[in-house]
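Residue-level listing of the chains:
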Amino acid sequence: MSGSDWLLHDAMREARREKLTYGLRHIAFNPAQFMTDTQLSEFAQTICREFHADPEHITFVIHQKDGSTHGHLLLPEWQQDHILDSRFSWIRLEKLARLEEIRRGHALVAGRHDRSIVKALEQEGRNREAEQIKSLIPATAQEKPRAAYSAQARRMAERQGADLPALKKLICALWAQSDGLKSFRAALAEHDLLMREGDRTETRPGAHIIEDRKGTLIGSFTRLTKVRMAEFRTLLAQEKQQTAPQTKPVLPPGRIPVRGMKDSLNKTAPAPTGRIHRTMNMDEIRQRALIVRRIKEKEAILTRQAPESSLPPLNRTHSLTQWTHELTKYQKQLRRCRKRYSTARKEWHKAQASWWRRLSGISRRRKQVMEEKFLQLLDMIRYVVQALLHITGLRAIPPEPLRTILTPQDKPALERFIKEYDDEFTAMAQPVKLSLWLNQRFDRMVRARDERIRRWDKAHQPEKKQAGREITQLRALLKARPDTPEHKELVHQLAHLLPAEIFRPPELKPEPKQEITRQDKPKQWKPPSMS
């Protein structure tokens, strides 16, 4: 809608010149209800007025994604003579969004700063808007809206092929239909999801996360379901009581004397069956935690894919339609320029046929006009061919603008360019050949993408095989008992992954040195000085 790449580069240069940390500020807004391009542009102007930004030096882009129209506003941090205002920027942006929703009649969206927004509106004298937003403020601070996931987490999930908004709705629906954590875990398993204890047990004890079978993190249970942490700990305790085995002492038949009841119970109690848990010291616990972390790191290597494999496949119909639509205006320009050249050439041939026009100089002037039109046609061919290459991804930068002044010295270079790109020029001149050329270009793009993915997989195959072998060794190390030959051999094989100071035997660990400071040194007795 406004601005360009050159304006953004210029803003970054000015920021470096003024020694600023940041050069641009990106503000994206996606309305829940439909807004026209004009309304989105007006809202962008409102943001500029709020933060004292110059509307003439902004870059504003509107595009659609998944059927939703949204805008991206880029503001230079250096505003010619001052830095862009940034005080309470998030609260002020939420205030502008609420005011725009009231002005457009959209449904109001609750935010975390509604109380501050109401206070600011009352100070500005907008009591009617303040009353409408006041109804969004929750009764307690714990009921404030909070994000179930960050924008960075959403982008990471998208690269791994997961749709976080859809998964969040699914998890909320499963929790609403469940009568406890046990049924909720079973419902998650039906959708290939898993809830487990988080990795930050030291800083956030009891916190649980939800992830899929591939290990992709979806989010925290309490954030996704809006359950308070205290209530969740109660549910965990109830689940633990329900799943804990209840063993009762088996009493022998007959009369048991009170004095020998303890010995009788010990004799008649059944022998413990199942796995016998062994007490571990702190060194073994740290070792196991480190091994589990290394296993997860290697599993992430196994599940890693080529960057382009997570992207949706190329759509031939969509790509060809978009290319044809963007190239239409260039084809029209080429036809108009070619028509002007043909007219000038006909006029010259007509003047050449008359001896009077040759003698009067009209034929010479018509020839000059024809040569000028021919140079303009050559430059137009260069322009549309570069546009074709840029639109189809064969040229990184946009086509160079048409030149207003052309001389005969430019003719050889233009003719060499047209000779080099003769196929592209023929395609732009004839619509039938253009369709064939675009189809061939799309096929080459698909083959090139498949080849890049294949090369990436081939290049990372040794790393994945190595990770698989190391995972097998690490899992065997978890099962091996310490101080056994098998355990020592595995530690030796995995020395490049496991720090030696953690797996070193206690008798070989260096003892910490105790340094004697100046204050700890014993004072020597000195005789009193004789004055």
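1. So, the packing of helix α13 (residues 316-353) against helix α15 (residues 362-391)
Item 1. Two numbers describe how α13 lies on α15: the axes approach to 8 Å, and their chain directions differ by 165 degrees. Taken together, the axes of α13 and α15 are roughly antiparallel relative to one another. The chirality of how α13 crosses α15 is left-handed.

2. So, the packing of aromatic side chains
To describe a pair of aromatic rings, you give the distance between the ring centres and the angle between the ring planes.
Item 1. Taken as a whole and assessed by the stated rule, the structure comprises 9 aromatic pairs.
Item 2. When the centroid spacing of 5.1 Å and the interplanar angle of 90 degrees are considered together, the rings of W175 and F221 count as edge-to-face. Taken together, the residues span a long stretch of sequence, with W175 in helix α7 (residues 164-177) and F221 in helix α9 (residues 221-225) at a distance of 46 residues.
Item 3. Given a relative accessible area of 19%, W175 falls into the buried group.
Item 4. With a relative accessible area of 0%, F221 lands in the buried category.
Item 5. Linked through ring pairs, W175, F184, F221 and F232 together constitute an aromatic cluster.

3. Looking at the packing of α13 against helix α17 (residues 422-429)
Item 1. α17 packs onto α13 with a crossing angle of 90 degrees between their chain directions and a minimal axis gap of 9 Å. By the angle between their directions, the pair α13 and α17 is classed as roughly perpendicular. Listed contacts from α17 to L327, Y330, Q331, L334 and R338 of α13 are A427, M428 and A429.
Item 2. The class makeup of the residues in the contact of α13 with α17 is 6 nonpolar, 1 polar and 1 charged.

4. Some words on a positive patch on the surface
Item 1. Among the surface-exposed residues, K332, R335, R336 and R340 lie close enough to one another that they form a single positively charged patch.
Item 2. On the basis of relative accessibility, which here comes to 49%, the residue R335 falls in the partly exposed class.

5. Looking at helix α4 (residues 114-124)
Item 1. For α4, every residue scored as buried is listed here: D114, I117, V118 and L121. One side of α4 carries all its buried residues, which in axial view fall inside an arc of 100 degrees. Facing away from the buried surface of α4 by more than 90 degrees, the exposed residues are R115, K119 and Q123.
Item 2. Contact partners of the buried residues in α4: α3 (89-104) and α5 (127-134).

6. What to know about the sheet that holds strand β3 (residues 68-76)
Item 1. Read from one edge to the other, the open sheet built from 3 strands follows the order β1-β3-β2, with strand pairing classed as antiparallel. The sheet is open, and its two borders are formed by β1 (24-29) and β2 (59-65), each paired with just one other strand. When strand polarity is set aside, the average angle formed by the axes of neighbouring strands in this sheet is 20 degrees.
Item 2. Direction of pairing for β2 relative to β3: antiparallel, over a ladder of 7 bridges. Looking at the pairing, T59 lines up with L74 of β3.
Item 3. In this fold helix α1 (residues 5-17) packs onto β1, β2 and β3, with an angle of close to 135 degrees to the strand it touches most, β1.

7. Topic: the sheet that holds strand β6 (residues 217-220)
Item 1. Strand order in the open sheet formed by 3 strands is β4-β5-β6, with antiparallel pairing between adjacent strands. Edge positions in the open sheet fall to β4 (193-197) and β6, since each of these has one partner strand only. The sheet shows a mean angle of 25 degrees between the axes of neighbouring strands, direction not considered.
Item 2. Pairing between strand β5 (residues 208-212) and β6: 3 bridges, direction antiparallel. Within β6, the residue paired with E211 across the bridge is L217.
Item 3. In the packing of helix α8 (residues 181-190) onto the sheet, the strands contacted are β4 and β5, and the crossing angle to β4 comes to about 135 degrees.

8. Looking at the environment of N439
Item 1. Summarising the element assignment, N439 is placed in helix α18 (residues 431-479).
Item 2. Residues N439 and S319, 120 residues apart in the sequence, show an inter-C-alpha distance of 9.6 Å.
Item 3. Of the polar contacts made by the side chain of N439, one reaches the side chain of R316; its length is 3.2 Å.

9. Some details on the environment of R103
Item 1. With respect to the secondary-structure elements, R103 resides in helix α3.
Item 2. Reaching out from R103, the side chain makes a polar contact with the side chain of E100 at a distance of 2.3 Å.

10. Details of the side chain of Q386
Item 1. Relative to the helices and strands, Q386 is located in helix α15.
Item 2. Here Q386 falls in the buried class, since its relative accessible area comes to 6%.
Item 3. Apart from the residues lying within four places of it in its own chain, the contact partners of Q386 are R395, P399, E400 and F417.

11. Digging into the pattern of salt bridges
Item 1. Throughout the structure, instances matching the rule amount to 27 salt bridges.
Item 2. With a shortest N-O distance of 3.0 Å, R92 and E50 are connected by a salt bridge. Linking R92 in helix α3 with E50 in helix α2 (residues 37-50), this pair joins segments that are 42 residues apart in sequence. Exposure class is identical for R92 and E50. Each is buried.
Item 3. When the shortest N-O distance is used, the salt bridge between R403 and D379 registers 3.3 Å.

Cut-offs applied
- Counting restarts for each chain: residues are numbered from 1 in the order of the written sequence.
- Predicted model: local features are reported for residues with pLDDT of at least 70 only, side-chain atom pairs are reported and counted for 80 or more only, and whole-chain, interface and lining totals are derived from all residues.
- For the side-chain quantities, the full set of heavy atoms in the structure was used; hydrogens and water were omitted.
- Lines fitted to C-alpha atoms define the axes, with helix axes restricted to the stretch in contact, and inter-axis angles between N-to-C directions lie between 0 and 180 degrees.
- In this text, helices come from DSSP runs of H or I with a minimum length of four residues, and strands from runs of E with a minimum of two, each type numbered from the N-terminal end.
- Each angle is binned into one of four classes, with values under 35 degrees roughly parallel, values over 145 roughly antiparallel, values of 65 to 115 roughly perpendicular, and all other values oblique.
- In this scheme the handedness of a crossing depends on how the near helix is turned from the far one: anticlockwise by less than a right angle means left-handed, clockwise means right-handed.
- Two rings from Phe, Tyr or Trp (for Trp, the six-membered ring) form a pair when their centres are within 6.5 Å of each other. A pair whose planes differ by under 30 degrees is stacked, one over 60 is edge-to-face, and the rest are tilted.
- Throughout this description, buried means an accessible area under 20% of the type-specific maximum (1.4 Å probe, protein chains only), exposed means over 50%, and partly exposed covers the range between.
- Any two residues whose heavy atoms approach within 4.5 Å are treated as being in contact.
- Under the grouping applied here, Gly and all other residues not named as nonpolar or charged are polar, the nonpolar ones being Ala, Val, Leu, Ile, Met, Phe, Trp, Tyr, Cys and Pro and the charged ones Asp, Glu, Lys and Arg.
- A patch is a set of surface residues, each over 30% in relative accessible area and not in a salt bridge, joined within 9 Å for like charges and within 5 Å for the nonpolar side chains Val, Leu, Ile, Met, Phe, Trp and Tyr.
- Residue burial considers only the protein chains on display, and all accessible areas are found by Shrake-Rupley using a 1.4 Å probe.
- What makes a salt bridge here is a side-chain nitrogen of Lys or Arg within 4 Å of a carboxyl oxygen of Asp or Glu, nothing more.
- In this tally Asp and Glu are treated as negative and Lys and Arg as positive; neither His nor the chain ends contributes.
- Just so you know, the charge point we use is NZ for Lys, CZ for Arg, CG for Asp and CD for Glu.
- Along the arc lie the directions from the helix axis toward the C-beta atoms.
- When DSSP finds two or more bridges between two strands, those strands count as paired.
- Counted as a polar contact is a pair of N or O atoms within 3.5 Å, where, for protein atoms, one must be capable of donating a hydrogen and the other of accepting one, and residues adjacent in sequence contribute only when both atoms are in side chains.

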